[in-house]
Each structure stands twice: as C-alpha cells, then as structure tokens.
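Summary of the model geometry
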Amino acid sequence: MEPSPAKGKPQGRLLVSTTLDAKDELEERLERCVGIVTSLTNGLSEREANDAITANVCKGPQQHEEVCLGLFALLLTEPPQAQRCYRDLTLVNRDGMNVVLIKINQILMEKFLKLQDVCRTQLVWLVRELVKSGVIGADGILMTLMKQIAGGDITNKNLWLAENVLDILVEQREWVLKSGMLIAMSVYTYLRLIVDHGTPALLVLRQKEVDFCIGLLREKFMECFIIGRDLVRLLQIVARIPEMELLWKDLLHNPQALSPQFTGKGLLQLLTARTSRKFLACRLTPDMETKLLFMTSRVRFGQQKRYQDWFQRQYLSTAESQSLRCDLIRYICGVVHPSNEVLSSDILPRWAIIGWLLTTCTSNVAASNAKLALFYDWLFFSPEKDSIMNIEPAILVMHHSMKPHPAITATLLDFMCRIIPHFFPPLEGQVRQGVFNSLTFIMEKRVLAHLAPLFDNPKLDRELRSMLRERFPEFCSSPSPPTEGRDEGTNEMKMEESVSLEMDNHVLLDKEDGCYDNTEAAFSDDEEEINNKGEGNKKREFRFHPIKEAIIEEPADITPYVDQLDDMMKEKVLQLQKGSDTETHCEVMQEIVDLILEEDFESEQMSTLASCLAELFKGHFRGDVLPDEITEENLCQMQEDNSGFSVLLEMLAELYQKQPKIGYHLLYYLKASKAAMGKMSLYESFAQATALGDLHTCLMMDMKACQEDDIRLLCYLTPSIYTEFPDETLRSAELLNMIVAVIDSTQLQELMCHVMIGNLVMFRKDSVLNILIQSLDWETFEQYSTWQLFLAHSIPLETIIPILQHLKYKEHPEALSCLLLQLRREKPSGEMVKMVLSRPCHPEDQFTTSILRHWAAKHDDVLGEHIKALLIKNNNLPRKRQSLRSSSSKLAQLTLEQILEHMDNLRLNLSNTKNSFFTQTPILQALQHVQASCDEAHKMRFSDLFSLAEEYEEPSSKPPKSRRKAPASSPRSRKGAATPVSNEEESASSSASEEEDSKPKAPKRKRKGSSAVASDSD
C-alpha cells in the first residue's frame, strides 16, 4: 500500500484547481486520510501493511472512517494501486461501505464537474466494482451517476460517461433486474438519450441503448409503468426507430404482449398517472438543477437576462442542445413549485423562464416537442390527482405574452386546439376532457379571472379565434355584468378560501391574484413595456417612487384561519384584530405568547396562528421597520432557561414562512433593543429552526430582502452582521455585492469610517483575494466601492497582488486603476515586481510601464535588484519549461521574454528623461548575463536594450589593464571619464560575479545600494 512518492505538488490531486483557489475542504480531508494510510503502510510488505491497517481500524469509528476514506482517495488518484486499494477496502470496512458510498454521492452531486479526468475514470471503475460486489446502496449511486449524463450534450466526456454507465447496466443485468426503481430510472434516462445520438458516428452507441431499453420494456414493463405518462412522451419521440416502432405498435394495439396485466385500458391508465418528480429531475445534472432553482427563488423579475445568457452559453448553445429544452420545461412544470410567498413576490416567475426557452428554440421539431412538454399534464388532467402548479405555467405564458409576444400566445393556443384530435384519435374524448378540466380548474383557482380576454383577443387572427370558440365555447363568453359578477365572485372566493388551506403549493387567491391578472409583465428583452403606465408597473415601482397620498389599506382577512384555532386563542386573535393602538397590540400579543407557552398548546395550530399573525401585521412590514417586539423580547428573556424557547422559535419559524421579512426585522431588533443586548446568537437558533435550516442561507436571504426593502437598515445592520457571524460573512462575495450594489457615496464613507474605527471588519487575509477576484464581474461603482472598503483595512497589498494575473486591461479598468494608485504608495517587493512583470505586453496596456517608471524614479536601487534577480532566475530556466509554463495556465505567467519586453518599453519611456535607472550596475550585469546565453532572435529583437550594457564590462580573470569601469557608488557618471580600479577591487568584483552566476538563489542581505558587491547578494 505504498503510494508513489510525490515531488513538489502532489501528483494525485482529486479536483481541478488553480493556485489561487481556496483549498477544497473535502479534498483536504481526503488528503489527510491518504497521509494516515501512507504513514501506516510506508516501508511495509503487503501482508504487514494489511495487518497495520486492520489493527488501526479496530481502534474506533474515527480510525475506521479515516482508513476507508484514505483507501478511497488513493483508489481515485493512483490508478495502478486501485485493485489493491479496493481489495483492502472490502476487507477492512465494517459498515457495508457506507462511509465510502456517502462520499461518492457527495462527489457526484457537488464535485463531479471539477474532478480530474483520471479521478473521473477511477470513480466510474469503482462504481462498476461496487455493482459487481452487490454492495447495498450501489443502485442509488448508479442512479446518481446517471444523473450526471447531460441531455443535449454529445461532447466526448459526456458520451464516454453514457457508454460506460450503459456497459455497467448491460453487464450486470441480473443485478439491475432486482431493483424496480433502477429499471425505471435507467429506461427513462436512456430513452431520453437515444434522441441525442442520431448522428452516423453515434449509431453504434444508439443501437446499444435501443437494445437495452427494448429488452427491459418487454421483460419488465410493469416496473417501467411507474414512470407514468412521460414514458409515453419519450416513446413517442423515438417511435420512428424500427425496433421502437414495433414496441410502439404493441403498446397501442396489443398491450398484453408487453404484460398480461397491461390490458386495453392500460394505456389510458398510464397516461392518467402523473410522472414522479424523481424522473423529471433525473434528466437535469445537479449543476443545471442548482442554476434553475437559483433563478426561480433568488433572481428578481427584470434582472434575469445575465443569468439566462450564462445558462444559454453553458447548456443551450449547440444544435444538439435543442432537445434539452423539453427536459427543462418538464422540470419547471413538475418539480419547481414555488411557495405562495415567492409567487406573490417579484422573484422571476416560472412562466418567464419557459417563455424564454420557447423563444430561443431554433428547430421546428424541438419547438413542437417543447410545446408538448408544456401542455403534457393538461391532456389527461384530473383535479383529484394532478396539481394546479403543473398546468399554471402554460396559461400564464399565454396570458403574459399576449401584449409583448402575441405570436407566442397564438402558436400555443393553436397547439392546444390541434393537440386534442391529433394526440391519439381513439382517446380524443379523454384529451378534450383533460384540457377542459385544466381550464376549469385554472378559473376555479383564480389563476386567471376570465379566459375570454385571452381566447377572443383582437391580436389573434380570425381563424384561430374561430377555432377557439368552436373548441371552447364555455370560456369564450364575455364576463358577467359588474353587479352580478361581484356577487358570484364573492361566493367563488369564499369557496376557494376554504379549499386553499388543503393545498400545499397552490397559487395565492383573492388579493394576491393581482400578481397574475394586473401585472403587464414582459420578457427581459422587451423595452417597450418599461415606460408603460399600467397598474402592474405602478405596483412594481412603488418603493422607488413614494406615493404622497395615503395608501388605502384593505382590512386583514383572517376568516379562513381563525376558525381552526381553539376558543381561547381565537378570542385573543380577534381582540388583536379589533385593537387599533400599539399598546393594545402589545398586551394582547403578550397574552398570545403566554398561551403558546402553555403545555396543552397544540403544535398543529402553529401554522394557522402564524397565518393569522402574518395577515394581521402585514402593514407593519411596509415602509419603516417595526419589529414584532413582544414575541422577540420573550425569546431573549427565555434563552437562558430554555423553557418554551423551542416553542417560540417554532412559532417564529412558521411566521417566517408566511412573512419572510421577519428575518431581517429580528436582526434589527437584536441590534437595536437594549433588552436584546449581546443576544445576536439568538438569530442562529432562529435560522436553524426555519425550513431552510442553515445559518448561511437564511442570513443571505434575509439580507437580500433587507437590501430590497430598506438600504439604510442594510447599512445599519452591516457592522453587527460581520462582527457576529464572521464565518458566514467574511468569505461571502454574495453579501458584499448586496451591500455595494445599493449604497451611495455617503453610506460608503460611513462604512469606511466603521472599518477604520474598528467597528467593522469586512475582509480577512485568507479570503480577500477570492472575493476581489469575484468582484471583477460587478458594475463599475460596485467595484470601486469594494476597493475603497478594502483599502480602509490594514491588509498588506502583497496579500492580494496575485489578482494582477487575472486582470485584463480592457475588461478590468476599475481594479487596475485602484491597484495602480495603491502600488504607487508602496515600496516594491520581489513579489510585487514579479506580478507586475507577469502582465502580458500590449501596446495599449500602460499599467506595467507606468508603475515601473514611478518605482524607477523613487526606488531605483530596490527595483534594480529585484529585476536583476528575476532576469537571472528566468534566464537559468530551460526555454522549453518557460514555454510550457506560459501555455499551461490561463493566468499570466512570468517568462524571460516578457521581462525583456517590459524592460524595453521602460527604456523607450525613459529615453528622453534624465533618469539613470538603466545605468545601475545590477541592471547592466543582468542584461549581460542574459545576452550571453539567449538565442540570436532575442539578441536581434532586444538589441537596443542589450546595447546599454555593451560599455559596461565585468572584470574577468584576464589582465585588467585595458578595462575601465565607472565607480560603483556613482553609476550616473558613466558618460564621464572612467576611473581606474585597483586589482583588489576587480578581483573581489569578479569572484562575486562568478558566485552570483553559479548561485542565483543565494539569500538576500538586508542592505541597500547599487554597487556590484552589494548586488551579488542576490
């Protein structure tokens, strides 16, 4: 078990990273475990090593985990030892490989894209071995690995993964047949992938996939039946392949050939079964899923363009990626079901993302499949089985696209009409009923108040409107007269409110309907709507343009909730509703808290009570900050004895679900209230009690909400947040961006004062570089603010000087200008000079020349010594290694040619000045040293630069009679008469120069001076 010795940087790194990336925690831990295993087995024979590992494992669970993870990491990073490591792993593990399975799953879900190629190959090999060994849990690992096979991607890496996973499934067929879920998941995956592999070069792989799917579908059809209606959708897309066509015909006309239990009504039963989220989610890689969930939960409507552009560049830019749009639409409709709070907020709605996906379709086939994916749940919709959230995006895409993109609305309405008779003629009646059920349910749930404005809109052509009236006469009639409509609407709403409590993720009713019906929203690329004066725009812009008239508050309606409370609590809540002054509210609220703390309080009432309080106090969360003092004060008082503390936390967590602004109100209270002095840690307990369950996520979301509502409060909270939660804030570029994105110059100056007084620390040495690198993509003022805040700290500039390798003169002028001004104040160090010279030479990029000129005027001797050291060091490197180093990384690397180019530019810049930088002995010595060993091309290219050193000659072993040399102490007098030098001085200088050439890395002496003897210390 002895790994091959690593020289310098470890050879078997797990993840791809650069020298500037922070060390990955998982990788660091695995490397520690490798070190433990290596120390146990180093120098031992195979048998002795086995005994040592076994003895260590027996010491306890920690040692067992360390050895297992060490062997696992060696297996991934050292292919020659993989077989032996796996054998040892199977012998020493005591938990059925559970520790290893957990780590594999973590790597697959979080680190797979960063894995080095060798490690990726080894990981697939390990999964194959686990399956061969029949390890319990290997089926779950294999399904997670299948999730990493991206749809719409025919790059070599993705094809390699698809083929290798398929080989495992085919080779271990008997094992696969034991797991019904694995059968269904693998059939769903490869039926979908067949579509992407239609090119001639991929026909062999496609045939293997077809044979695999046909075999499982014919042998284990009822196991595949659990997929639901999307199984039919996938089969329909590949039905033209000959083998698939036979299966398709059996499915339609001879279902019992597939399974005796699959009768004539089986197809209808399959189509009425909703596909589980597991299947819809399995066709998106973890990275795609993360990005989509981020857009639908964190990105504000109107600010989505850059996120969509990034997603399109990453996943939707190729012709093959057209097929991925169906997977994304099915995922958004079937898996992404936002809460009511998100639906009523200004977060990017699902329909906007789907509209963007439809508008970017460039293939007619892909567009048709995308529309089918959008309407698929409509065709056999049943209110008892299906969710309103599955059908809501389609109707809202049509509704919101009518004004900015009428063509989209028209094509979707046309598709909806034509799919009824053409989807499957024998089931036309059921499809018609499904679409009718969908439209009826949409109106019942008040997603849209009326469908007539959509179906009978003048923007639609006459033929389409006629077809809609023919297909859906019930929905094309105009709304009822106002008086009658109001009565009917009221009754309808009351019925709806009673139903809504039974729905987990359904859309908001009543007043919240405005977010659908009244908002004149448009896609991000439409600018004509920005100036629209409609009601929707007023709603979105009210916080930026204060309304001077008094806002008419609608009375809080808690009718649907209050009846579910017990009598005592119901009485208090009604008192709270009737009370008008703050004092009465506080007294009643205290009584409610006392009731919550009683032992017989039913926890089932938490959610209902939270809904009542959120509705009653909704006015408190508009305008100025008004925290719920009574509840939070009780929390502070009870933290010590913990009696009732968890109950109140649970209550706050429920309230947080109904009113997310509670989070930053709690932060404000803990900061501002004397009663809460020193209790900021209470927020951490609150964060862990919420559904998010994580301090970092909760803090970021609360600060984001605060940023959107009250910038002054954000600045007020910033010092406390950074002080109390340093682990969550000091590494977070996201939080810093929230702050600098909205502050003005006055607030920036206040924050800088807080930093300099010592009340605020926003950066620390170990993370500041990564944050500054991330800030390079921010807006100009955001970047300038970030640099100002950084400069207010006393962090040495050398800590962040490596950022120069990331800066391009056209793309990052903000960072370059700030660095230039700061470097101007600094005395050059070796690292600074190295990084400055590492910048690529470009005629328009004057950064390096300008700072070198400044240093040459202020610190010529120090700069000369540093440049000499770098010239000699890089000159001694083999040319091949220099070229490899410069081409192996995207970051700027220092080469001899680069140094000479910058020196030549500096020479030209100083040519008309009296600056004597190039007359210094260290510079002349270094130029001679380089000239003596460089090739003819460099000598010709930099001939003017090398000519500066021609008059200077180093003393040598030859008689020095004809040699002349300017006094070392006065390099500027070279142009005058030369002064004779004694033999002793020449001898000393010669020996020192020889020592310098042979030992260029000798330690520096802390002594200034530009004499030849002084420079030899380099």
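Residues numbered from 1 in each chain as written. Predicted model: local features only at pLDDT ≥ 70, side-chain atom pairs only at ≥ 80, totals over all residues. Heavy atoms only, no water.

A count of helices and strands for the chain gives 57 helices and zero strands. Long-range pairs, those at least 24 residues apart, make up 73% of the contacts in the chain between residues at least 6 apart in sequence. Looking at the chain as shown, the accessible area adds up to about 48,400 Å², and 51% of this sits on carbon and sulfur atoms. (Helix = DSSP H or I, 4+ residues; strand = E, 2+ residues; numbered from the N terminus. Contact = heavy atoms within 4.5 Å. Areas by Shrake-Rupley, 256 points an atom, 1.4 Å probe, with all protein chains shown as cover.)

Judged by nonpolar contacts, the single largest core of 177 residues is most densely connected at Leu191, Met244, Trp378, Ile395 and Phe455. Take this core: its biggest share by element is ten residues, from helix α10 (residues 180-194). With residues up to four places along the chain from it excluded, the contact list for phenylalanine 455 reads Leu413, Met416, Leu439, Leu460, Arg465, Leu468, Phe472, Phe475 and Cys476. Among the nonpolar cores identified, the runner-up in size contains 112 residues, and Ile662, Leu682, Ile773 and Cys934 belong to it. (Core = buried A, V, L, I, M, F, W, Y, C linked by side-chain atoms within 4.5 Å. Buried < 20%, exposed > 50% of the residue type's maximum accessible area, 1.4 Å probe, protein only.)

On to the state of the cysteines. Applying the stated rule across the entire model yields zero disulfides. Cysteine 33 carries a free sulfur, and the closest cysteine sulfur to it, the one in cysteine 68, is 9.6 Å from it. (Disulfide = S-S within 2.5 Å.)

Looking now at the packing of helix α4 (residues 82-92) against helix α6 (residues 117-132). In contact at an axis separation of 12 Å, α4 and α6 are set at 45° when each is read in the N-to-C sense. Accordingly, the angle class assigned to the pair α4 and α6 is oblique. Relative to α6, the crossing made by α4 is right-handed. Where α4 abuts α6, its residues Ala82, Gln83 and Tyr86 lie against Gln122, Trp125, Leu126, Glu129 and Leu130. Residue composition of the contact of α4 with α6, by class: five nonpolar, two polar and one charged. (Axes fitted to C-alpha atoms, helices over the stretch in contact; angles between N-to-C directions. Parallel < 35°, antiparallel > 145°, perpendicular 65-115°, else oblique. Left-handed = near helix turned anticlockwise from the far one by under 90°. Nonpolar A, V, L, I, M, F, W, Y, C, P; charged D, E, K, R; others polar.)

Evaluated as defined, the whole model comprises 40 salt bridges. Between arginine 128 and glutamate 171 there is a salt bridge, and its shortest N-O distance comes to 3.0 Å. Separated by 43 residues along the polypeptide, arginine 128 in helix α6 and glutamate 171 in helix α8 (residues 156-171) bring together distant segments of the chain. Arginine 173 is the salt-bridge partner of glutamate 219, the closest N and O atoms lying 2.5 Å from each other. Taken together, the residues glutamate 219 in helix α11 (residues 203-219) and arginine 173 in helix α9 (residues 173-176) connect sequence positions 46 residues apart. (Salt bridge = Lys/Arg side-chain N within 4 Å of Asp/Glu carboxyl O.)

Turning next to the environment of cysteine 213. Within the element layout of this structure, cysteine 213 appears in helix α11. C-alpha of cysteine 213 to C-alpha of serine 186: the two residues are 27 residues apart in sequence and 8.2 Å apart in space. In this structure, cysteine 213 is in contact with Val187, Tyr190, Leu191, Ile194 and Met244, ignoring residues within four places of it in sequence.

On to the packing of helix α50 (residues 860-876) against helix α53 (residues 921-933), then. Following both chains from N to C, one finds α50 and α53 inclined at 15°, their axes separated by 8 Å at the closest point. Taken together, the axis directions place α50 and α53 in an arrangement best described as roughly parallel. Remark: the crossing between α50 and α53 carries left-handed chirality. Within the contact between the two elements, α50 uses Gly864, Glu865, Ile867, Lys868, Leu871, Ile872, Asn875 and Asn876 and α53 uses Pro922, Ile923, Gln925, Ala926, His929, Val930 and Ser933. Tallied by class, residues from the contact of α50 with α53 come to seven nonpolar, six polar and two charged.

Positive phi, normally seen in glycine, also occurs at methionine 97, with a value near 70°. Looking at where methionine 97 falls in the secondary structure, it is placed in the loop between α4 and α5 (98-111). Positive phi outside glycine occurs at arginine 446, with the angle close to 60°. Residue classification places arginine 446 among the buried residues on the basis of a relative accessible area of 12%.

Turning next to the side chain of glutamine 898. On the secondary structure map, glutamine 898 appears in helix α52 (residues 896-910). Within the local environment of glutamine 898, its side chain forms a polar contact with the backbone oxygen of serine 838, the two atoms lying 2.7 Å apart. (Polar contact = N/O pair within 3.5 Å; in protein donor to acceptor, adjacent residues only side chain to side chain.)

As a further point, take the packing of aromatic side chains. Within the structure shown, the criterion is met by 23 aromatic pairs. Centre to centre, the rings of tyrosine 86 and tryptophan 125 are 6.2 Å apart; their planes meet at 80°, and the pair counts as edge-to-face. You can see tyrosine 86 sitting in helix α4 and its partner tryptophan 125 sitting in helix α6, a full 39 residues away along the chain. The class for tyrosine 86 is buried, based on a relative accessible area of 6%. Among the aromatic residues, ring-to-ring pairing joins Trp310, Phe311, Tyr315 and Trp356 into one connected group. (Phe/Tyr/Trp six-rings, centres within 6.5 Å; stacked < 30°, edge-to-face > 60°.)

The residue leucine 945 is located in helix α55 (residues 943-947) in this model. Relative accessible area serves as the criterion here: at 0%, leucine 945 is assigned to the buried category. Separated by 41 residues in sequence, leucine 945 and aspartate 904 place their C-alpha atoms 6.0 Å apart. The residues touching leucine 945, leaving out its near neighbours within four places in the chain, are Leu900, Met903, Asp904, Arg907, Phe918 and Leu927.

With eight of ten residues buried, helix α7 (residues 138-147) is to be regarded as a mostly interior element. Among all positions of α7, only Ala138, Ile141, Leu142, Met143, Thr144, Leu145, Met146 and Lys147 are buried.

Below, the discussion takes up α10. Taking 1.5 Å of rise per residue, 15 residues should cover 21 Å, and α10 covers 21 Å from first to last C-alpha, within 8% of that figure. The element α10 is largely enclosed, with a buried count of 13 among its 15 residues. (Expected span 1.5 Å × (residues − 1).)

Let us look at the confidence of the model for the chain. Low-confidence regions, as indicated by low pLDDT, have predicted coordinates that should not be scrutinised in detail. Summing up the model confidence of the chain, the mean pLDDT is 78 and the portion of residues at 70 or higher is 75%. pLDDT under 50 marks residues 1-12. Its contacts with residues more than four places away, or in other chains, come to 23 contacts. Low pLDDT, under 50, characterises residues 883-890; the predicted model gives this stretch seven contacts beyond four residues in sequence or across chains. (pLDDT = per-residue confidence, 0-100.)

Turning next to the environment of serine 344. The residue serine 344 is located in the loop between α20 (340-343) and α21 (350-359) in this model. On the basis of relative accessibility, which here comes to 36%, the residue serine 344 falls in the partly exposed class. Among the polar contacts listed, one links the side chain of serine 344 to the backbone oxygen of glutamate 341, at a separation of 3.1 Å.

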